[in-house]
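Observations on the model geometry
Below are the chains, spelled out letter by letter.
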Amino acid sequence: MSLSADRPDIIHHLPPDHLGRSLRADVRAGLTASPKTLPPKWFYDKLGSELFERITDLPEYYPTRAEREVLELFAAEMAVTCPAETLIELGSGSSRKTPLLLNALKEAGSLRRYVAVDVSDSALLDARNELAPAFPGLELQAVAADFETQLHLLPRAGRRMVAFLGGTIGNFEPAARARFLTDVRELLGDDGGSLLLGTDLVKSPHVLVPAYADAEGVTADFNRNVLRVLNTELGADFDVMAFEHVAVWMPQEEWIEMRLRASRPMLVRLPGVGMDVRFHEGEELRTEISAKFRLEGVVEELESAGFSVAGQWTDRQDRYAMTLAEAV
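Attention in this report is confined to the structure presented alongside it. (Residues numbered from 1 in each chain as written. Predicted model: local features only at pLDDT ≥ 70, side-chain atom pairs only at ≥ 80, totals over all residues. Heavy atoms only, no water.)

1. Some points on the packing of aromatic side chains
- By the definition in use, this model includes 15 aromatic pairs.
- Plain terms: the ring middles of F164 and F180 are 4.8 Å apart, the flat faces sit at 40° to each other, and that makes the pair tilted. Residue F164 is found in strand β7 (residues 160-164), and its partner F180 is found in helix α6 (residues 174-188); the two are separated by 16 residues along the sequence.
- Judged by its relative accessible area of 3%, F180 falls in the buried class.
- Feature note: the residues F43, Y44, F52, Y61, Y212 and F222 constitute an aromatic cluster, connected by ring pairs.
- We note K36 situated over the ring of F279; from NZ or CZ to the ring centre the distance is 4.9 Å. (Phe/Tyr/Trp six-rings, centres within 6.5 Å; stacked < 30°, edge-to-face > 60°. Helix = DSSP H or I, 4+ residues; strand = E, 2+ residues; numbered from the N terminus. Buried < 20%, exposed > 50% of the residue type's maximum accessible area, 1.4 Å probe, protein only. Lys NZ or Arg CZ within 6 Å of the ring centre and 35° of its normal.)

Written as structure tokens, this is what we have:
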């Protein structure tokens, strides 16, 4: 563990050049695969984060509003069901919905500390600056860490609730999801902790697809932003607008795939990884999966990872679920 010299109020677990090395490894693996893929985490530079904030306000994109509704309706019940001394939020980002949960846990009388976990210093500092005035007396801890590989480094003492919100669990394929949930269970140990998991639910493709292909084209710009990131960070020469945004519902897998489709043949140079990559006209690069869940399936996956489900709640339209599970 180290405190950054530039950010003395952030606990840093990320090794030097972690993001750069991770990006290069993901690009080498993903752009030499067939079909080509990139992980969705590379959308989120400053512009990508701003675009995603715009997406959450679009009329087609319901998950953020639905999750907030669940918290507004049931956070108090969640806090009483599984009280916690420490709330650990993975991938906390801007922590926009966090105050609803913090207020509920505080009212339940148990909360002492909030730990925000993200790879972005700026997101952690913004969240801290927003929350500190609203929660005087609450210990706020900002931790720069990769929740996919560094869960074992997070606080382990006392009764903890781990929150994994935003439907981000849907970006994991099933095997990776199982490993992640097992790692969270191991983090909680034998102290009676819990996991609060946000999951988007299976519904009509007529609702799902527009949520990832809005009429205004904001999601298309967000999707293409991963190519801008590669141009900036790796010196690549992607013609960003030569790629068409595609959102497809995969009924067998029950997930949405976001892809970028080459509108013409291209040879892209990526000097930052010493690669040239050829795209054929119509070839697609998968940039995200967003799995959708069924309530009973969430229970099964959590039980397989060593949890016992203590409660499930949905918004009024049954579009989105939050599941609270105790480590057993």
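What follows picks up the thread again.
2. With respect to the nonpolar core
- By size, the foremost hydrophobic cluster in this structure holds 39 residues, and its most contacted members are V27, L31, L230, F238, L270 and F279.
- The set of elements that each furnish at least two residues to this core consists of α1 (18-31), α2 (46-55), α7 (205-211), α8 (218-234), β9 (243-250), β10 (255-262), β11 (266-270) and β12 (275-279).
- Tallying contributions element by element places α8 first for this core, with 6 residues.
- With sequence-adjacent residues up to four places away left out, V27 is seen in contact with T32, L38, L230, L234, L270, V273 and M275.
- One finds A84, A104, M161 and L165 within the second-largest nonpolar core, a separate group that totals 34 residues. (Core = buried A, V, L, I, M, F, W, Y, C linked by side-chain atoms within 4.5 Å. Contact = heavy atoms within 4.5 Å.)

In short, geometric facts, not functional conclusions.
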